[in-house]
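# A look at the structure
Here's the letter readout for the chains.
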Amino acid sequence: MAGKKGKHPKGAKALGKGDYKDLLEPLQLELVRMAEWLQATGLRLVVLFEGRDTAGKGGAIKALSEHLNPRQCRTVALPRPTERESTQWYFQRYVAHLPAAGEMALFDRSWYNRAGVERVMGYCTHADYTAFLHQAPQFERMLVDDGILLFKYWLCVDQAEQEQRFAERHQNRLKGWKLSPVDLEARQRYDAYTRAREDMLAATHTPHAPWTLVDFNDQRCGRLTLIADLLDRLPDVEVPNDIPPLVPLKGRPHRERYRVLEPIAPYAPDKRGDGNEVR
C-alpha cells in the first residue's frame, strides 16, 4: 500500500484541523482499498494499539476504521478479566477475538496489559509477569506462522502533554468517562511506566513481530504517521472494482407513507435548555 509518511519535528507547530483532514482523506481511501484487498485474499490483519493513558489510542483507531465496514473491521477493547477468565491461560480470552479470513481486529490495549498496567500497578505477580515476557514472543510467532499480519504500535506522549489531556478530561464531562481512579494513580508513575515499556520492548521486539513507536504529542500528526506506516508495510495490491453501475430508477421516486405510526417531532434546540448542566 502506497502510504506517504509525514514527519512532525519536536517543537513544530501542531497540525491544524483543516490540513489534517486534507491529509487524512487520501490515507483513508487507501485503507478502504486495503480492506478490499484483505477480503479478496482472505488474509487476516491484527493491529495492537498500546501506550500511556491519554496517548490517543481511541482517536487513532477511529481515524483508521471510521470508513471501513464494522463487520470486517472490529475494535477489541476488553474489560478487566472475570473471575473465571483470571484462571485461564493468560492469552486465552484474546484468542477469541482474532480475525477470520478477510477480517481485521484493532486491539485498544491487548495482551500487553500484563507488561504495562498490571506490572506497574501490581495487578499480577512477578512470576506472572516474567512468564508473559517469555510466552508473548512464542504466542505471536504462532499467530504470524498461521498467516496473521501482526502490527504492534506504541503511542508516545510526554508527561507535560499528558497532564494537559488529563486536565481536559477532568474538566469536560463529555470526556469524563475516560478518567478512572487507575488513570489518576498512573499520573504519579510516569517513570515506572517508562521502565516497564523499555523492559517490554527488550523482551518482545522480535523480527517476526516488531514494535513501532509513534510520537503522539501531536495526535493528528501521530494518526497520519501511524496509518501511513501501516499502509507502507502492506503489499501494494490493487483489487478490481466489481461494483455494478448505479442504474437510474424508473418513474418518479416515492415518498415515505405511514399507516401505523409516524415519525416523532423533529429536534428542537430551544426545548433542550441552555446547556448549563454540562460543564
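None of the values given here were measured: they were computed from a predicted structure.

## Some details on helix α2 (residues 57-65)
Those residues of α2 that fall on the buried side of the exposure criterion are Lys57, Ala60, Ile61, Ala63, Leu64 and Ser65. Of the surrounding secondary structure, the elements contacted by the buried residues of α2 are α1 (17-41), β1 (44-51), β2 (73-76), β3 (104-108), β4 (148-156) and α9 (219-232).

## Here we look at the sheet that holds strand β5 (residues 211-215)
Strand order in the open sheet formed by five strands is β2-β3-β1-β4-β5, and the pairing between neighbours is parallel. The open sheet has two edge strands with one neighbour each: β2 and β5. Pairs of neighbouring strands in the sheet enclose a mean axial angle of 20°, with direction left out of account. Summarising the sheet, β4 and β5 pair through five bridges and their orientation is parallel. Paired with Leu155 across the strands is Val214, a residue of β5. Across the face of the sheet, helix α8 (residues 190-204) comes into contact with β4 and β5 while running at roughly 145° to β5.

## Observations concerning the UniProt feature "domain: Polyphosphate kinase-2-related" (unreviewed entry) in the protein chain
Taken from the UniProt record, the annotation "domain: Polyphosphate kinase-2-related" (unreviewed entry) applies to residues 17-238. Within residues 17-238, the helical portion is 50% and the strand portion 14%, while the C-alpha atoms at the span's ends are 30 Å from each other.

Parameters and conventions
- Residues numbered from 1 in each chain as written.
- Predicted model: local features only at pLDDT ≥ 70, side-chain atom pairs only at ≥ 80, totals over all residues.
- Heavy atoms only, no water.
- Buried < 20%, exposed > 50% of the residue type's maximum accessible area, 1.4 Å probe, protein only.
- Helix = DSSP H or I, 4+ residues; strand = E, 2+ residues; numbered from the N terminus.
- Contact = heavy atoms within 4.5 Å.
- Pairing = 2+ DSSP bridges.
- Axes fitted to C-alpha atoms, helices over the stretch in contact; angles between N-to-C directions.
- UniProt positions renumbered as here; feature names shortened; annotations may be inferred.

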